[in-house]
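Observations on the three-dimensional arrangement
Below are the chains, spelled out letter by letter.
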Amino acid sequence: MQAHGQQKFDISVPGTVDSVYATVMAVVNAGPYKKMEPSPELRMVSFRTGASLMTWGQRWLVQVALGIDGQPHVSATVTPRNGQQALDQARIAKLATDFFKRIAAAGVAA
């Protein structure tokens, strides 16, 4: 397990870094995410997901950058807001799957 229960996710998305970042921002703006803090010059956004019955919520840091394969990658680092909690691991994995499905469903304009 990583420090503070932190989990990292990364997917390759076809398009340009700018178009993928625009898609990420559209997904974040339309989703159930709170206190969004975008950083367009770095192609990053941070936000949080709310508490559930069993957790205090999570902090997200998402960045779009070129991967070593030359394709844009969306990387997300998700950290439980209450420190390390075993119940957060499954919830974070579920939220990340949903987040990346939303990006795929939104499509990327070239």
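Provided above is the structure to which this section pertains.
In this report, we go over the structure that sits alongside the text. Each chain has its residues counted from 1, running along the sequence as written. Two thresholds apply to this predicted model, a pLDDT of at least 70 for residue-level local features and 80 or more for giving and counting side-chain atom pairs, whereas whole-chain, interface and lining totals are computed over all residues. To get the side-chain values, take all heavy atoms of the structure and skip hydrogens and water.

Right, let's get into the packing of aromatic side chains. Only rings of Phe, Tyr and Trp enter the pairing, Trp through its six-membered ring, and a pair is recorded when the two centres are within 6.5 Å. The plane angle decides the type: under 30 degrees is stacked, over 60 is edge-to-face, the rest tilted. Under the criterion given, the structure shown has seven aromatic pairs. With a centroid separation of 5.9 Å and an interplanar angle of 80°, the aromatic rings of Tyr33 and Phe99 are classed as edge-to-face. Placement of the pair is Tyr33 in the loop between α1 (17–30) and β2 (34–39) and Phe99 in helix α2 (residues 86–106), with a sequence separation of 66 residues. Three labels apply to residues, based on accessible area from a 1.4 Å probe with only protein chains included: buried if under 20% of the type maximum, exposed if over 50%, partly exposed otherwise in between. According to the relative accessible area criterion, Tyr33 is buried, its value standing at 14%. Phe99 sits in the buried class, given a relative accessible area of 0%. Only runs of H or I of at least four residues qualify as helices and only runs of E of at least two qualify as strands under DSSP, and these elements are numbered from the N terminus.

In summary, soluble globular proteins display a tendency toward joint burial of nonpolar side chains. Note on terminology: a nonpolar core comprises buried Ala, Val, Leu, Ile, Met, Phe, Trp, Tyr and Cys residues joined through side-chain atoms within 4.5 Å. Within the largest apolar cluster, 23 residues are counted, with the highest numbers of intra-cluster contacts made by Val24, Phe47, Trp60, Val62, Val74, Phe99 and Ile103. Of all elements in the fold, only α1, β3 (44–49), β4 (58–66), β5 (72–80) and α2 reach the threshold of two or more residues within this core. If one sorts the elements of this core by residue count, α1 sits on top with seven residues. Note on definitions: a residue-residue contact is assigned when non-hydrogen atoms from the two residues lie within 4.5 Å. Ignoring any residue separated from it by four or fewer positions in sequence, one finds Trp60 in contact with Val45, Ser46, Phe47, Arg48, Thr49, Ala76, Thr77, Val78, Leu95, Ala96 and Phe99.

Attention now moves to the environment of Val64. As for its placement among the helices and strands, Val64 is situated in strand β4. Note: C-alpha distance between Val64 and Ile11 (53 residues apart in sequence) is 9.8 Å. Excluding residues within four positions of it along the chain, Val64 makes contact with Val17, Val20, Tyr21, Val24, Leu42, Arg43, Pro72, His73 and Val74.

With that settled, consider the pattern of salt bridges. Pairing of side chains with opposite charge becomes possible as their charged atoms draw close. For this analysis, a salt bridge means a side-chain nitrogen from Lys or Arg found within 4 Å of a carboxyl oxygen belonging to Asp or Glu. In total, this model carries two salt bridges according to the counting rule given. Measuring nitrogen to oxygen at the nearest pair gives 2.6 Å for the salt bridge that ties Asp18 to Arg43. One end of the pair, Asp18, is in helix α1; the other, Arg43, is in the loop between β2 and β3, and 25 residues separate them in sequence. Classification of Asp18 by relative accessible area gives partly exposed; the value is 46%. Note that Arg102 and Asp98 form a salt bridge whose closest N and O atoms lie 2.9 Å from each other. With Arg102 and Asp98 both in helix α2, this residue pair falls four residues apart, about one helical turn. Overall, the relative accessible area of 31% leaves Arg102 in the partly exposed class.

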